[in-house]
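# Examination of the molecular architecture
Okay, here's what each chain looks like letter by letter:
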Amino acid sequence: MAKTMTEPVNNGGALDYASDGGAIRSPWRMAWRKLKRHKLAIAGMWVLIILHLFAIFADFFAPYSEITTDRRRTYHPPTKIQIISPEGKLTRPFIYGYDRVDITRNRYEPNTSQVYPIRFFVRGDEYKVFGINMNLRLFGVDAPGKIYLMGADRYGRDIFSRLAYGGRRSLFIGIVGIVVSLSIGMLYGGVSGYFGGWVDNLMMRFSEIIVSIPSFYLLLALSAVLPPDLPSDKRFLMITFILSFIGWAGLARVIRGMVLSIAKTEFVAGAEAIGCSQPRIIIRHILPNTLSYVIVSATLSIPGFILSESGLSVIGVGIQHPLASWGNMLSEALNLSALTRYPWLLIPGFFIFITVLSYSFFGDGVRDALDPRAQV
Amino acid sequence: MFRYIVRRILYIFPMLLGISTLSFFIMQLAPGDALTQMALSPDISVEVMEAMKARFWLDQPPHMQYIRWLQQLLKGDMGHSFLWHAPVLWVIKQRLLNTLLLTTVSLLIGWVIAIPIGIHSAVNQYSWSDKVLTFLAFIGVSLPSWFFGLLLLYLTTKRGWNFPIGGMTSVDFADLTFWEKAADLARHMFLPVVVLSTGTVASLMRYMRSNLLDVLRQDYVTTARAKGLSNRVVIYKHAVRNAINPLITIFGFQLGGILGGAALTEIVMNWPGIGSLMLNAVQGLDYYLVMGNLIIGGVMLILGNLIADVLLAVSDPRIRYE
């Protein structure tokens with residue numbers, strides 16, 4: 001969006017914004033330019049974009065559906081992609097079939113007599129896009145071969161595929177969670193701060209109670225409320241809701257403080273004088289002024305939601321099988337003997353780590369870009 | 001100051017009432033209760049079930065249950081755990097000590113390591129060691145503690161490191177002498193402490209660094225340097241003392257989060273603390289135990305914040321509460 005603008009000239013430390021051809025510089029544009037200079041933040045942003053696309057188009061990127069099991073290939077190791085044919089010549093990428101040589105310990109060995117070339121844009125497991133059945137997948141191998149880029153789990157499900165599908169829950173729970181809890185938090189804090197008096201007092205006491213319970217315990221207690229026979233997709237929605245229910249209180253308290261000071265300003269008095277309704281004043285005049293804080297705190301608190309979800313799921317009270325989430329995929333790794341034999345079970349954890357790391361880099365950049373105190 | 005502290009302590013009681021009400025009604029929403037599972041067992045007769053129901057007031061409407069429970073709570077009795085067949089307070093006390101042991105040790109170690117690192121990083125800003133340290137801190141903050149724990153467990157078994165993987169004591173713990181007991185405990189604590197203190201170090205070091213950088217830009221630091229004081233005196237006597245002040249608030253947060261923060265690590269690393277207790281209680285729908293945990297957690301959090309506020313007032317003469 002800002003590609004057409006020339007970079008500002010750096011005049012001995014102070015930025016000269018007059019030199020970019022007089023383009024209109026809204027605060028957002030200036031923030032974007034500041035953000036662009038933050039290399040790590042941009043790197044984080046790209047990693048996040050790639051991860052989210054990977055999850056959104058999981059149907060396409062994943063060779064198998066998340067519930068495709070294969071009992072003959074439990075704990076299948078990651079298949080190595082070969083480019084040197086058995087005759088020693090360079091060929092298109094292919095994989096060998098694997099024989100299970102030890103059933104009790106799930107040991108596999110490549111069988112060089114079975115060669116499966118990797119094919120692109122293949123027909124695989126069916127999925128639905130807007131109600132239309134489709135089966136186009138980016139890559140795959142001919143049956144009966146199976147490609148496990150990152151190995152298989154206890155039921156022979158492809159971990160790579162489940163990472164893609166699991167990203168739909170693990171990544172988007174952060175975004176949905178922050179949107180819901182921000183909306184509640186802003187409205188709650190806005191109303192409380194604007195009205196003041198006993199309304200404020202009562203509302204703040206309630207939010208204090210929520211903040212005073214260790215959030216992980218509260219999460220655990222709330223997850224017990226969900227009936228055990230709830231279908232896993234509904235349970236996923238409820239978990240999202242629960243996470244948002246916990247997140248809003250801290251934010252509401254900060255917003256309230258900001259609203260308290262904004263409510264005393266002249267423009268609010270002006271809005272009152274021309275007869276704006278109270279909801280309008282809160283939503284249109286006061287809350288937008290808290291926006292830069294809200295955006296910063298949103299990017300910095302999304303990882304919290306992701307971590308809470310994976311934390312709940314890894315101990316088995318979050319998102320349930322057969323739906324994948326990065327957290328519940330890791331719950332298998334809690335079994336130490338399985339973990340030492342099949343270390344690829346840890347891979348989802350690295351995805352969580354990379355996501356959180358990218359968010360903190362990105363959030364750091366956003367804070368530098370939007371924080372008015374940091375502006376030179 | 002004294003009046004302020006008294007007022008804050010008195011304030012805990014209405015908060016507790018709120019926390020207990022909230023936790024009670026959350027548990028009321030939960031489907032079934034601990035006795036539902038017992039009812040499925042053929043070993044337990046109808047009479048026993050009825051007796052247990054009456055004992056736990058489960059035959060009464062929810063608001064009566066709540067009033068009964070509250071009455072008990074005022075007497076210092078948090079009710080009875082279905083799963084443990086023991087008073088909730090007794091069950092919690094056992095686990096609470098384990099958790100406190102683990103978290104305070106990690107916290108202490110974390111502070112002892114983080115403060116010097118933070119000072120070093122700020123004083124040598126943009127040096128290669130600062131860059132490496134801040135990058136490591138970013139990683140430490142982003143690595144979920146329970147996942148780090150899993151990684152350590154994996155490495156320990158894979159590499160054959162001589163550390164116990166879970167639990168708090170060895171089987172022959174009772175037969176050991178005092179010093180052997182201490183050594184055994186330390187060996188068991190090692191991995192969880194590494195995990196928890198890494199998180200503390202990573203976040204604390206970043207705070208310390210940015211605080212000290214702020215202070216080093218202040219006029220009085222320039223003045224101190226202009227007076228010809230040595231770099232050492234300027235940094236340790238003038239700057240560091242002021243940079244540590246804001247960290248006291250963080251200390252309060254950490255005190256408050258001392259119970260909840262370690263829960264997942266405890267569960268993953270098999271530390272018999274309050275985290276795994278809470279998980280079992282939730283899974284077994286052990287009402288009173290869950291509520292007891294929520295209340296204890298709440299008390300710790302409120303006390304932590306109170307201590308932080310008081311410490312802040314003590315250390316910074318500009319802050320006065322009235």
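Quick look at the structure, then. Just so you know, these numbers come straight off a predicted model, no measurement behind them.

## Overview of the overall build of chain A
When its secondary structure is counted, chain A shows 13 helices and seven strands. Reported as C-alpha extents along the three principal axes, the dimensions of chain A are approximately 85 × 55 × 40 Å. Across the 376 residues of chain A, 51% fall into the buried class. Once local pairs closer than 6 in sequence are excluded, the contacts in chain A between residues at least 24 apart make up 65%. Across chain A, the 38 positively charged side chains and the 26 negatively charged ones have centroids separated by 1 Å.

## Considering the interface of chain B and chain A
Contacts between chain B and chain A engage 46 residues on the former and 43 residues on the latter. Roughly 3800 Å² is buried in total at the junction of chain B and chain A, and carbon and sulfur atoms are behind 84% of that figure. Across the chain B-chain A interface, the total number found is one salt bridge. Where chain B packs against chain A, one counts four residue pairs in polar contact (both at pLDDT 80 or more). Of all the secondary structure elements, the ones that give two or more residues to the side of chain B that touches chain A are helix 1 (2-29), helix 6 (128-142), helix 7 (145-159), helix 12 (263-268), helix 13 (274-283) and helix 14 (287-315) of chain B.

## Considering the side chain of A:Glu332
Residues and elements named next belong to chain A. Within the secondary structure, Glu 332 is located in the loop between helix 11 (326-330) and helix 12 (336-341). No salt bridge is formed by the buried Glu 332. Its closest oppositely charged neighbour is Arg 154, at 4.2 Å. For Glu 332, the side chain forms a polar contact with the main-chain nitrogen of Arg 154, separated by 3.1 Å. Look past the residues within four positions of Glu 332 in its chain and what remains in contact with it is Tyr 75, Asp 153, Arg 154, Arg 157, Ala 338 and Leu 345.

## Let's talk about the pattern of salt bridges
The tally for this structure, following the rule as stated, stands at 15 salt bridges over all chains. A salt bridge links B:Arg217 to B:Asp214; its shortest N-O distance comes to 3.1 Å. The class of B:Arg217 is exposed, set by a relative accessible area of 59%. Taking relative accessible area as the criterion, B:Asp214 reaches 41% and is therefore assigned partly exposed. What you see here is one network of salt bridges that share partners, running through A:Asp70, A:Arg72, A:Arg73 and A:Lys146.

Thresholds, definitions, all that
Residues numbered from 1 in each chain as written. Chains lettered and ligands numbered in written order. Predicted model: local features only at pLDDT ≥ 70, side-chain atom pairs only at ≥ 80, totals over all residues. Heavy atoms only, no water. Helix = DSSP H or I, 4+ residues; strand = E, 2+ residues; numbered from the N terminus. Buried < 20%, exposed > 50% of the residue type's maximum accessible area, 1.4 Å probe, protein only. Contact = heavy atoms within 4.5 Å. Lys, Arg positive; Asp, Glu negative; His and termini not counted. Charge placed at Lys NZ, Arg CZ, Asp CG, Glu CD. Buried area = accessible area lost by both parts, 1.4 Å probe. Salt bridge = Lys/Arg side-chain N within 4 Å of Asp/Glu carboxyl O. Polar contact = N/O pair within 3.5 Å; in protein donor to acceptor, adjacent residues only side chain to side chain.

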